[in-house]
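# Structural overview for review
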Amino acid sequence: MRNSSLFLRSGLTVAAASLPFVVAAGPAAAQSGISVSTTGSTVSVTTSACTNVNGSWGTASLLTSSQANFSQGRQVSLSGTDRLQSAAWSSVNPGTYTVIVVCSNGSTAGTQSVIVSTSPTRRPTPSTSPSRGVMGGVGGSSTDFGTLTLVGGGVLVGAGGLAAAWYLRRKAKPYRL
């Protein structure tokens, strides 16, 4: 029994220590190459996957449900910087569209569907995650109590334990008349 609790505690310690690595690796695999948003009849796309080749970042295409390939859609050149490239289409009719971004080196940065509705929809913008992780702690027990308070608490806990033992011992004895 003593060894199993030791293994359990060491296993929990290893699991807790490896948790930051699992959490850090999780979102990276789930990220998409492009981000598409709509505001009224305007559709915009952003990416950071493309590189500048001969003064061009690449091209984005907006396809309707009846269009099958990149060249059939409304094409717009990407503009931006090394960190972020973007493109936008205005006066887009309501419906379901597919946005495809092809970088100037020929690679596809991503594909995503978007729905343009008749009324402008506001989509919440994601907030940035904290750079130092979660600021966890011990909560309300972080107050530094003095020696007298700790001794008083210890005496109360000890007295409660002695009283419980005395009560259970008295209850276990048979009645004597």
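Definitions and limits used
Residues numbered from 1 in each chain as written. Predicted model: local features only at pLDDT ≥ 70, side-chain atom pairs only at ≥ 80, totals over all residues. Heavy atoms only, no water. Helix = DSSP H or I, 4+ residues; strand = E, 2+ residues; numbered from the N terminus. Buried < 20%, exposed > 50% of the residue type's maximum accessible area, 1.4 Å probe, protein only. Contact = heavy atoms within 4.5 Å. Disulfide = S-S within 2.5 Å. Patch = residues over 30% accessible without salt bridge, like charges linked within 9 Å, V, L, I, M, F, W, Y side chains within 5 Å. Areas by Shrake-Rupley, 256 points an atom, 1.4 Å probe, with all protein chains shown as cover. Salt bridge = Lys/Arg side-chain N within 4 Å of Asp/Glu carboxyl O. Pairing = 2+ DSSP bridges. Axes fitted to C-alpha atoms, helices over the stretch in contact; angles between N-to-C directions. Core = buried A, V, L, I, M, F, W, Y, C linked by side-chain atoms within 4.5 Å. Polar contact = N/O pair within 3.5 Å; in protein donor to acceptor, adjacent residues only side chain to side chain.

## What about the environment of C50?
- Relative to the assigned elements, C50 resides in the loop between β2 (42–47) and β3 (58–63).
- Residue C50 is classed as buried on the basis of its relative accessible area of 3%.
- Between the C-alpha atom of C50 and that of L78, which follows or precedes it by 28 residues, the distance is 9.2 Å.
- Apart from residues lying up to four places away in sequence, C50 is in contact with W57, L78, Q85, V101, C103 and A109.

## Overview of the state of the cysteines
- The tally for this structure, following the rule as stated, stands at 1 disulfide.
- Residue pairing for C50: its cysteine sulfur links by disulfide to C103, the two sulfurs lying 2.0 Å apart. Here C50 and C103 share a disulfide; its torsion about the S-S bond, -75°, makes the bridge left-handed. Of this pair, C50 sits in the loop between β2 and β3 while C103 sits in strand β7 (residues 95–103); the two residues are 53 residues apart in sequence, bridging distant segments of the chain.

## Brief notes about a nonpolar patch on the surface
- Together, W166, Y167 and L168 give the surface a local cluster of nonpolar side chains, amounting to about 400 Å² of exposed area.
- Among the structural elements, L168 can be located in helix α2 (residues 147–172).

## Side note on the sheet that holds β2
- The strand order β1-β2-β6-β5 describes an open sheet built from 4 strands, whose pairing is antiparallel. Each having just a single partner strand, β1 (34–39) and β5 (79–80) make up the two edges of the open sheet.
- Pairing geometry for β1 and β2, over 6 bridges, is antiparallel. Counted as the bridge partner of T38 is V43 from β2.

## Thoughts on the sheet that holds strand β8 (residues 108–116)
- Reading across from one edge, β4-β3-β7-β8 is the order of the 4 strands in this open sheet, with antiparallel pairing throughout. With one partner strand each, in any of the chains shown, β4 (74–77) and β8 form the two edges of the open sheet. Strand-to-strand twist across the sheet, computed as the mean angle between neighbouring axes with direction ignored, equals 20°.

## Here we look at the nonpolar core
- Among the nonpolar cores identified, the biggest contains 19 residues, and V43, V45, W89, V99 and V101 are the most heavily contacted of them.
- Of all the elements in the fold, those that place two or more residues in this core are β1, β2, β3, β6 (85–89), β7 and β8.
- When residues of this core are assigned to their parent elements, the largest contribution, 4 residues, is made by β7.
- Sequence-distant contacts of V43, defined by excluding residues within four places in its chain, comprise V36, S37, T38, L62, A87, A88, W89, V92, V99, V114 and V116.

## What to know about the side chain of S61
- In this fold, S61 is placed in strand β3.
- From its side chain, S61 meets the backbone oxygen of F70 in a polar contact 2.8 Å long.
- Setting aside its immediate chain neighbours within four residues, S61 contacts F70, G73, R74, Q75, W89, T98, V99 and I100.

## Remarks on the side chain of Q85
- Along the chain, Q85 falls in strand β6.
- Of the polar contacts made by the side chain of Q85, one reaches the backbone oxygen of T81; its length is 2.8 Å.
- Ignoring anything within four residues of it in the chain, the contact list for Q85 reads V45, T46, T47, S48, A49, C50, W57, L78, S79 and G80.

Nothing here speaks to function; it is geometry throughout.
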